[in-house]
2 protein chains.
Amino acid sequence: MDNDDLRRGRPTAHKQFDEATALLAGDALLTHAFGLIAESYASQPVLAHGLIRELADAAGSRRLIGGQMEDLLAEKKADATKDDLEFIHLNKTAAMIEAAFAMGGMIGEAIGGTQAPRTLDTLRKAGRDLGLAFQIIDDLLDATADTATLGKTAGKDAKADKATFVKLHGLDASRRIAAELTASAIAELRELPGDPAFLHALVQSMAVRGK
Amino acid sequence: MDNDDLRRGRPTAHKQFDEATALLAGDALLTHAFGLIAESYASQPVLAHGLIRELADAAGSRRLIGGQMEDLLAEKKADATKDDLEFIHLNKTAAMIEAAFAMGGMIGEAIGGTQAPRTLDTLRKAGRDLGLAFQIIDDLLDATADTATLGKTAGKDAKADKATFVKLHGLDASRRIAAELTASAIAELRELPGDPAFLHALVQSMAVRGK
């Protein structure tokens, strides 16, 4: 989507192979996600149906794709606002993390056999806060880390004068907001039944990551 | 996917807008297909689940995407065989028509409340035959029609020396095979319960289409 040709230190698919192959691989993986849910929960079609609705909503034109499209459009205009940026981050990044948290909750409920709508709401909130924090930290790392550490080209946001949290809020406020969102996510996870150790560790590791 | 910039006489999305927008629109539409099934059959999750499995299988890496990838690879090698070509046509084109026929059958069964596995098999066979005929006719039209009639660039297969039914079997044999497949599809549709008038007309219109 952008001009960055490295991910996790390795060339992206469209560099390693070619544009058409990368595009087809994307379509295949997207289709596979839905097929995998349908196959994995073949004996629980109601659960499979709920998971597929959640994924289609999060990955669809109003959320992930909408956020990515607004991100592309924002690259072309100099006056993207904080609201534009929040829309982009909430949808491009946080929607899928929120959906992953919610889907985990739906599977847990189906296995546990209990209905816990408040648990789902809490998981969604925690996923959204984590997702937003994740993207702000991405913006911070692009501005402060080097390419070798990052595994992808650093400094490209500033070079492109792209609207990021760092550009619109500054480094200090971005760090503060990311820390607040991380704390909120952890507080929300504390409300959940069961052992939240893994989710706590996940949220913490996102906050202190160096790449 | 190919270098053709016209579809139905209008510029393709990647020409009208740009590559990134076209790619995102494709991802959004693919996701929307799964979401639409899940929403439309929200009160029949077992049916929704079956339809999603069918679509994910037909559109996935082993079928539609696999066929399209083999098609791209075949463009780069001079010695694609009739078997290669049949694999490409069966998966790139026929898989989705077969799935559309089968999904119609699954919805009909769910509404009618009867189980009719033979009906589904017959629908699949008819869809596959129609799909293969459709693609052979596409190859024939590329070789014999003009761009204005076709609504997309004509003659590009021969120009690219692409493996097509016309190149590997010749015009006459291609016409004969397409006619045989059309006749088979119609014979299969005759075996179905209910009124097959629409499907008959659909198969016939595919066989005599000029674009």
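That block above? That's the structure.
In what follows, the accompanying structure is described. (Residues numbered from 1 in each chain as written. Chains lettered and ligands numbered in written order. Predicted model: local features only at pLDDT ≥ 70, side-chain atom pairs only at ≥ 80, totals over all residues. Heavy atoms only, no water.)

**Regarding the overall build of chain A**
Assigned secondary structure in chain A consists of 11 helices and two strands. Put simply, chain A runs from its N terminus to its C terminus through helices and strands in the order β-β-α-α-α-α-α-α-α-α-α-α-α. Taking the principal axes of its C-alpha atoms as reference, chain A extends roughly 50 × 40 × 30 Å. Out of the 211 residues in chain A, the part that is buried amounts to 45%. Accessible surface, chain A: about 10,900 Å² in total, of which carbon and sulfur atoms supply 56%. Taking the average place of the 25 positive charges on the side chains of chain A and the average place of its 31 negative ones, the gap between the two points comes to 1 Å. (Helix = DSSP H or I, 4+ residues; strand = E, 2+ residues; numbered from the N terminus. Buried < 20%, exposed > 50% of the residue type's maximum accessible area, 1.4 Å probe, protein only. Areas by Shrake-Rupley, 256 points an atom, 1.4 Å probe, with all protein chains shown as cover. Lys, Arg positive; Asp, Glu negative; His and termini not counted. Charge placed at Lys NZ, Arg CZ, Asp CG, Glu CD.)

**Considerations on the environment of A:Pro196**
Residue and element names in this part refer to chain A. For proline 196, the location among the structural elements is in the loop between helix H10 (171-190) and helix H11 (197-207). Taking the relative accessible area as the measure of exposure, proline 196 reaches 22% and is therefore partly exposed. Along the sequence, proline 196 and isoleucine 186 sit 10 residues apart, while their C-alpha atoms lie 9.3 Å from each other.

**Re the pattern of salt bridges**
Proximity of charged atoms lets side chains of opposite charge pair with each other. One pass over the full model with this rule turns up 28 salt bridges over all chains. Between A:Asp157 and A:Lys156 there is a salt bridge, with its nearest N and O atoms 3.9 Å apart. Note that B:Asp71 and B:Lys162 form a salt bridge whose closest N and O atoms lie 3.4 Å from each other. Residue B:Asp71 is found in helix H4 (residues 64-76), and its partner B:Lys162 is found in the loop between helix H8 (156-159) and helix H9 (165-169); the two are separated by 91 residues along the sequence. Relative accessible area serves as the criterion here: at 14%, B:Lys162 is assigned to the buried category. Three or more residues are tied together by salt bridges with common partners; here these are A:Asp71, A:Glu75, A:Lys92 and A:Lys162. (Salt bridge = Lys/Arg side-chain N within 4 Å of Asp/Glu carboxyl O.)

**Some remarks on the relation of the copies chain A and chain B**
For the pair chain A and chain B, the superposition axis carries a translation of 0.0 Å, the fit reaches an RMSD of 0.0 Å, and the rotation angle comes to 180 degrees. In short, the pair behaves as if placed about a two-fold rotation axis. Mapped onto chain B, 100% of the interface residues of chain A are again interface residues, and the two copies thus contact each other with one and the same surface. (Least-squares fit on C-alpha atoms with pLDDT ≥ 70 in both. Contact = heavy atoms within 4.5 Å.)

**A short note on the packing of helix H2 (residues 19-40) of chain A against helix H3 (residues 45-59) of chain B**
The contact between H2(A) and H3(B) brings their axes to 9 Å, and the two run at 140 degrees. By the angle between their directions, the pair H2(A) and H3(B) is classed as oblique. Our pair here, H2(A) against H3(B), has a crossing hand that is left-handed. Counting all contacts with H2(A), which are made through A:Thr31, A:Phe34, A:Gly35, A:Ala38 and A:Glu39, the residues of H3(B) involved are B:His49, B:Ile52, B:Arg53, B:Ala56 and B:Ala59. Of the residues in the contact of H2(A) with H3(B), the class split is five nonpolar, three polar and two charged. (Axes fitted to C-alpha atoms, helices over the stretch in contact; angles between N-to-C directions. Parallel < 35°, antiparallel > 145°, perpendicular 65-115°, else oblique. Left-handed = near helix turned anticlockwise from the far one by under 90°. Nonpolar A, V, L, I, M, F, W, Y, C, P; charged D, E, K, R; others polar.)

**Observations regarding the packing of aromatic side chains**
Enumeration according to the criterion identifies one aromatic pair over all chains in this entry. Seen in terms of ring centroids, A:Phe34 and B:Phe34 are 4.4 Å apart; in terms of plane orientation they differ by 10 degrees. Their pairing is stacked. Taken together, the positions of A:Phe34 in helix H2 and B:Phe34 in helix H2 (residues 19-40) put the pair across two chains. A:Phe34 gets classed as buried once you look at its relative accessible area, which sits at 0%. Seen from the ring of A:Phe134, A:Arg209 lies directly overhead, with NZ or CZ sitting 3.9 Å from the centre. (Phe/Tyr/Trp six-rings, centres within 6.5 Å; stacked < 30°, edge-to-face > 60°. Lys NZ or Arg CZ within 6 Å of the ring centre and 35° of its normal.)

**Thoughts on the interface of chain A and chain B**
Taken together, the contact between chain A and chain B spans 31 residues of the former and 31 residues of the latter. Both sides together, the interface formed by chain A and chain B hides about 2,700 Å², and carbon and sulfur atoms give 76% of it. Per-residue buried area on chain A facing chain B is highest for A:Leu24, A:Thr31 and A:His49; these three make up 21% of the total on that side. Inspection of the region where chain A meets chain B yields four salt bridges. With its nearest N and O atoms 2.6 Å apart, the salt bridge here joins B:Arg53 to A:Glu39. At the boundary of chain A and chain B, one finds five residue pairs in polar contact (both at pLDDT 80 or more). (Buried area = accessible area lost by both parts, 1.4 Å probe. Polar contact = N/O pair within 3.5 Å; in protein donor to acceptor, adjacent residues only side chain to side chain.)

**What about the packing of helix H5 (residues 82-112) of chain B against helix H6 (residues 117-144) of chain B?**
In helix packing, the relevant descriptors are the interaxial angle and the interaxial distance, both defined with respect to the helix axes. Residues and elements named next belong to chain B. Running from amino to carboxyl end, H5 crosses H6 at an angle of 145 degrees, the nearest separation of the two axes being 7 Å. The crossing of H5 and H6 is right-handed. Broken down by class, the residue content of the contact of H5 with H6 amounts to 13 nonpolar, six polar and six charged.

**Remarks on H4(B)**
Residues spaced three or four apart along an α-helix point in a common direction, a consequence of the helix completing one turn every 3.6 residues. Taking 1.5 Å of rise per residue, 13 residues should cover 18 Å, and H4(B) covers 19 Å from first to last C-alpha, within 8% of that figure. Those residues of H4(B) that sit buried are B:Ile65, B:Gly66, B:Gly67, B:Gln68, B:Asp71, B:Leu72 and B:Ala74. Lining the buried residues of H4(B) we find H2 of chain A together with H3 and H5 of chain B. (Expected span 1.5 Å × (residues − 1).)

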